[in-house]
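An overview of the molecular structure
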Amino acid sequence: MEENKQESLREAARDGDLGRVKSLIASGADVTYFDGEGLTPLMHAARNGYPEVVKMLLDSGAPWNALSPSNLSAGDFAMENGHQSAFDILLNAGIQAELILGTIARKDNADGKPNRDYLEDRVTFSEDKVMDTKSKAVMMAWERPLMEAHAKAICSRGGHILNVGFGMGLVDTAIQQYAPVSHTIIEAHPEVYDRMLRTGWGEKENVKIVFGRWQDVLSQLESYDGIFFDTYGEYYEDMREFHQYLPRLLKPGGIYSFFNGLCGGNPFFHVVYCQLVALELENLGYSTQLIPLPVKECLGEETWEGVKHKYWQLDTYYLPVCQSIDDAD
Ligand SMILES: C[S@@+](CC[C@H](N)C(=O)[O-])C[C@H]1O[C@@H](n2cnc3c(N)ncnc32)[C@H](O)[C@@H]1O
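Residues numbered from 1 in each chain as written. Predicted model: local features only at pLDDT ≥ 70, side-chain atom pairs only at ≥ 80, totals over all residues. Heavy atoms only, no water.

1. Re helix α15 (residues 267–283)
Note the threshold: Going along the chain from the N terminus, every DSSP run of H or I of four or more residues is numbered as a helix, and every run of E of two or more is numbered as a strand. By this rule, a helix spans an expected 1.5 Å times one less than how many residues it contains. Exposed residues in this analysis have more than 50% of their type's maximum accessible area, buried residues have under 20%, and partly exposed residues fall in between, with area computed by a 1.4 Å probe over protein chains only. In protein, a polar contact requires one atom able to donate a hydrogen and another able to accept it; more generally it is a pair of N or O atoms within 3.5 Å, and residues adjacent in sequence count only if both atoms are side-chain atoms.
For α15, with 17 residues, the first-to-last C-alpha span of 25 Å sits near the 24 Å given by 1.5 Å per residue. All of the buried residues along α15 are F268, F269, H270, V272, Y273, C274, L276, V277, A278, E280 and L281. Put simply, N266 is the residue that caps the front of α15, since its side-chain oxygen is 2.9 Å from the backbone nitrogen of F268. Where α15 terminates, the next one or two residues include G285, which has phi positive at roughly 100°.

2. Digging into the site of the ligand
Here is the rule we go by: A cutoff of 4 Å decides nearness: a residue is near a molecule or strand if any of its heavy atoms lies inside that distance of it. Accessibility throughout is a Shrake-Rupley quantity obtained with a 1.4 Å probe, and a residue counts as covered only by protein chains that appear here. Classification convention: Asp, Glu, Lys, Arg as charged; Ala, Val, Leu, Ile, Met, Phe, Trp, Tyr, Cys, Pro as nonpolar; all other residues, Gly among them, as polar.
Looking at the ligand, there are 25 residues lining it, with Y118, G167, V171, E187 and D230 nearest. For the ligand, an oxygen atom lies 3.2 Å from a polar atom in the backbone of L170. Contact with the protein chains removes 99% of the 610 Å² of surface that the ligand exposes when unbound. Those elements giving two or more residues to the shell around the ligand turn out to be α8 (114–120), β3 (137–140), α10 (170–177) and α12 (214–217). In terms of residue class, the shell around the ligand is made up of 13 nonpolar, 8 polar and 4 charged.

3. Observations concerning the domain arrangement of the protein chain
Basically, it comes down to this: Each domain's extent was defined by an automatic or database domain assignment. The contact criterion used is simple: two residues touch if any of their non-hydrogen atoms lie within 4.5 Å. Note on terms: buried area is the combined drop in 1.4 Å-probe accessible area of two parts once they are placed together, counting the loss on both. Think of a salt bridge as a Lys or Arg side-chain nitrogen and an Asp or Glu carboxyl oxygen that are within 4 Å of each other.
Split by domain assignment, the protein chain resolves into domain 1 (2–101) and domain 2 (114–328). A C-alpha centroid distance of 36 Å is found between domain 1 and domain 2. Opposite the 16 residues of domain 1 that make contact, domain 2 presents 12 residues. Interface area, domain 1 with domain 2, both sides summed: about 1,100 Å², of which 78% is carbon and sulfur. Here domain 1 is connected to domain 2 by 0 salt bridges. The interface formed by domain 1 and domain 2 includes 4 residue pairs in polar contact (both at pLDDT 80 or more). Counted by class, the side of domain 1 that touches domain 2 contains 9 nonpolar, 5 polar and 2 charged residues.

4. Observations regarding the sheet that holds β3
Convention followed: One requirement defines pairing of two strands: DSSP has to find at least two bridges between them. Working convention: axes come from line fits to C-alpha atoms, limited for helices to the stretch in contact. Angles between N-to-C directions cover 0 to 180 degrees.
Read across the sheet, 3 strands follow the order β1-β2-β3 without closing on themselves; strand pairing throughout is antiparallel. Each end of this open sheet is capped by a strand with a single partner; those strands are β1 (123–125) and β3. Shown here is a sheet whose adjacent strand axes are inclined to one another by a mean of 10°, direction ignored. Inspection of the sheet shows β1 paired to strand β2 (residues 129–132) by 3 bridges, in the antiparallel sense.

Here you go:
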């Protein structure tokens, strides 16, 4: 009987029958139910493009971020099938939920202090990646063209540059090509720091290395014409915290950018987070331009051999270029 109710809700959602969806919900049908295919009523309504049903289901507690067996959310179904109104409703629901709860960003962060654990652990270096002891990639060479594009953006005014997180030194190598007046690099991992010194970064005339977590070395920083942020083992909240310091760290007219790997495994969640970060930066007085860069060609299946977590699975990378709203005007 209960099963029938859920199946009826699925059918009504799939057919866009708003009246029936309403009455089934009123009679206790479960909006969180996954059918035999592993799909929720919300996914059915989104896939077939019924915005009013999507809204009704969301308002009745259907989770916007539930995933199908092939890791697609309702927003992905709306996006894939070109249902703009359903997509917009889901996007708005995602942004609101993440603003309040931050559920995606916090999900993996439940077990203590991942950044400190990572910093106390060993890392291994090879030609094409830096890995942690859990076989997760700290940094990979496929990102080189992206790092070059980030360097170009933040060095566009010359002057004084800050990079947070050295990794493989890809962005820093690119920054050096622009011969900035000063180039400050913050790095917290002792082995990455050692390697920086062994490879001559400590002797470059315009380079200042600050060893430590960015959170702990803020008092040693000045203000900069270009800033790039790309750490590891941290979460959205950490970056959000870093953004609070931008008014102090970024000179008027300066450019800020960050590695935009936010939810890089799911197209819709990525859109949600791109919008969320732009909204939060706007509240701090910064405009964000997202420049699309095709990345499909940088990535083959062999790229991920031996890597536990495929942290990027999308075809386009959106490079953020942020500047004070006053400067953009
Ligand atoms: C993804 S890598 C950076 C890659 C770099 N953009 C490049 O082009 O090669 C992240 C780096 O941030 C460092 N890191 C992690 N947490 C940090 C923190 N809280 N403060 C400063 N550096 C940190 C890591 O040790 C690692 O070297």
